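Residue-level structural notes
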Amino acid sequence: MRTPARYVHGAALLATGLLAGAFGYGAANVVPTFGTVPLDVRLTFHTAMMEVNEPIMQSAMALAILTSFGLAVVCHGLPRRLALGAGALTVASLLVTVFGNIPLHAHIRRWAAAASAPAGHTEILQRWELFHTIRTLTALSAFALIISIAVLARPETR
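Structural notes, computed from the coordinates. What you see is a predicted model; the values in this text were computed from it and never measured. Along each chain, the written sequence defines residue order, and numbers are assigned to residues from 1. The predicted nature of this model means local features are confined to residues of pLDDT at least 70 and side-chain atom pairs, given and counted, to a pLDDT of 80 or more, with totals for whole chains, interfaces and linings taken over all residues. Side-chain metrics rest on all non-hydrogen atoms present in the structure, leaving aside hydrogens and water.

What to know about the overall build of the protein
What counts as a helix is a DSSP run of H or I of at least four residues, what counts as a strand is a run of E of at least two, and both are numbered from the N terminus. From N to C terminus, the protein includes 4 helices and 0 strands. Ordered by position from the N terminus, the helices and strands of the protein form the series α-α-α-α. Taking the principal axes of its C-alpha atoms as reference, the protein extends roughly 60 × 20 × 20 Å. The 158 residues of the protein split such that 37% are buried. Surface summary for the protein: the accessible area is close to 8,200 Å², and the carbon and sulfur share equals 69%. To sort residues, take the accessible area from a 1.4 Å probe on protein chains only and compare it with the maximum for the residue type: under 20% means buried, over 50% means exposed, and anything in between is partly exposed. Using the Shrake-Rupley algorithm and a 1.4 Å probe, accessible areas are obtained, with residue cover drawn only from the displayed protein chains.

Shown next, in the form of structure tokens:
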């Protein structure tokens, strides 16, 4: 792999790894913790966490998308196809977040402000968790594709 492609590949590894790691940490640690604390604690913590996470995670997703597609631009053959797949998977993570998780955040914010949740809140929280699982799996798959470029393929520039 020529030097410019190596730098782009390194950036894609870093960006997709950070994204997969952040979502994975949430899935492995934060979500199970939500299930063990009282609802008011979950709502308060979830709301506070969203304040910090939304801009950071959306930036991380954008960086993973840009670096994955950037890698596709500087490579050809199998590495290009793998990088395109990784880019598509990170776009899927973003779409799940924007159209799945973020709209549900509005409900959680209202419940936290009211210090109570309506009947049926469990289904909405479970839907948020499902969307989180989906975006975690798509981010992890994107990271795996970027890793596979280093392990299975020998990227070359055009």
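Overview of the environment of Ala88
One can find Ala88 in helix α3 (residues 78-114). You can call Ala88 partly exposed: its relative accessible area is 43%. Sequence separation of Ala88 and Ala142 is 54 residues, and the distance between their C-alpha atoms is 8.1 Å.

Let's talk about the environment of Gln58
Mapped onto the elements, Gln58 comes out in helix α2 (residues 39-74). Setting aside chain neighbours within four positions, we find Gln58 in contact with Asn53 and Ile102. Whether two residues are in contact is decided by their heavy atoms, any of which lying within 4.5 Å being enough.

Focus on a nonpolar patch on the surface
Together, Leu95, Val98 and Phe99 make up a nonpolar patch on the protein surface, roughly 300 Å² of accessible area in all. Locating Phe99 in the fold gives a position in helix α3. What makes Phe99 exposed here is its relative accessible area of 64%. Each patch is built from salt-bridge-free residues with over 30% relative accessible area, joining like charges within 9 Å and nonpolar side chains (Val, Leu, Ile, Met, Phe, Trp, Tyr) within 5 Å. Any carboxyl oxygen of Asp or Glu that lies within 4 Å of a side-chain nitrogen of Lys or Arg is treated as forming a salt bridge with it.

Re the pattern of salt bridges
A pair can form between side chains of opposite charge whenever their charged atoms are brought close. According to the stated counting rule, one finds 3 salt bridges in the structure shown. Arg109 is the salt-bridge partner of Glu51, the closest N and O atoms lying 3.7 Å from each other. One end of the pair, Glu51, is in helix α2; the other, Arg109, is in helix α3, with 58 residues separating them in the sequence. For Glu51, a relative accessible area of 52% gives the class exposed. Owing to a relative accessible area of 28%, Arg109 belongs among the partly exposed residues under this scheme. In this structure, a network of salt bridges that share partners links the residues Glu51, Glu54 and Arg109.

Digging into the side chain of His46
Its place among the elements puts His46 in helix α2. Sequence-distant contacts of His46, defined by excluding residues within four places in its chain, comprise Phe34, His105, Ile108 and Trp128.

Remarks on the layout of surface pockets
Here the largest pocket defines a volume of roughly 290 Å³. With a 1 Å grid laid over protein atoms only, a set of points is called a cavity when a 1.4 Å probe fits there but cannot get out and a pocket when it is open yet has protein on both sides within 12 Å along at least five of seven lines; lining residues have an atom within 4 Å of a point. The wall of the largest pocket is formed by 19 residues, among which Met49, Asn53, Met57, His132 and Arg135 lie closest to the centre. The set of elements that each furnish at least two residues to the lining of the largest pocket consists of α1 (3-34), α2, α3 and α4 (121-151). Counting residues per element, the lining of the largest pocket draws most heavily on α2, at 7 residues. Here the lining of the largest pocket is built from residues that sort into 10 nonpolar, 7 polar and 2 charged. Grid points are joined across faces, edges and corners, and a volume is the space filled by probe spheres set on the points. Three classes are used, and their members are as follows: Ala, Val, Leu, Ile, Met, Phe, Trp, Tyr, Cys and Pro are nonpolar, Asp, Glu, Lys and Arg are charged, and the others, Gly among them, are polar.

Focus on the nonpolar core
Think of a nonpolar core as a cluster: buried Ala, Val, Leu, Ile, Met, Phe, Trp, Tyr and Cys residues, connected wherever their side-chain atoms sit within 4.5 Å. Residues Val30, Val31, Phe34, Leu43, Met49, Met50, Leu104, Ile108, Trp111, Ile124, Leu125 and Trp128 constitute the largest nonpolar core, which totals 12 residues. Taken together, the elements giving at least two residues each to this core come down to α1, α2, α3 and α4. Ile108 has contacts with Leu43, His46, Thr47, Met50 and Leu125, leaving out every residue within four places of it along the chain.

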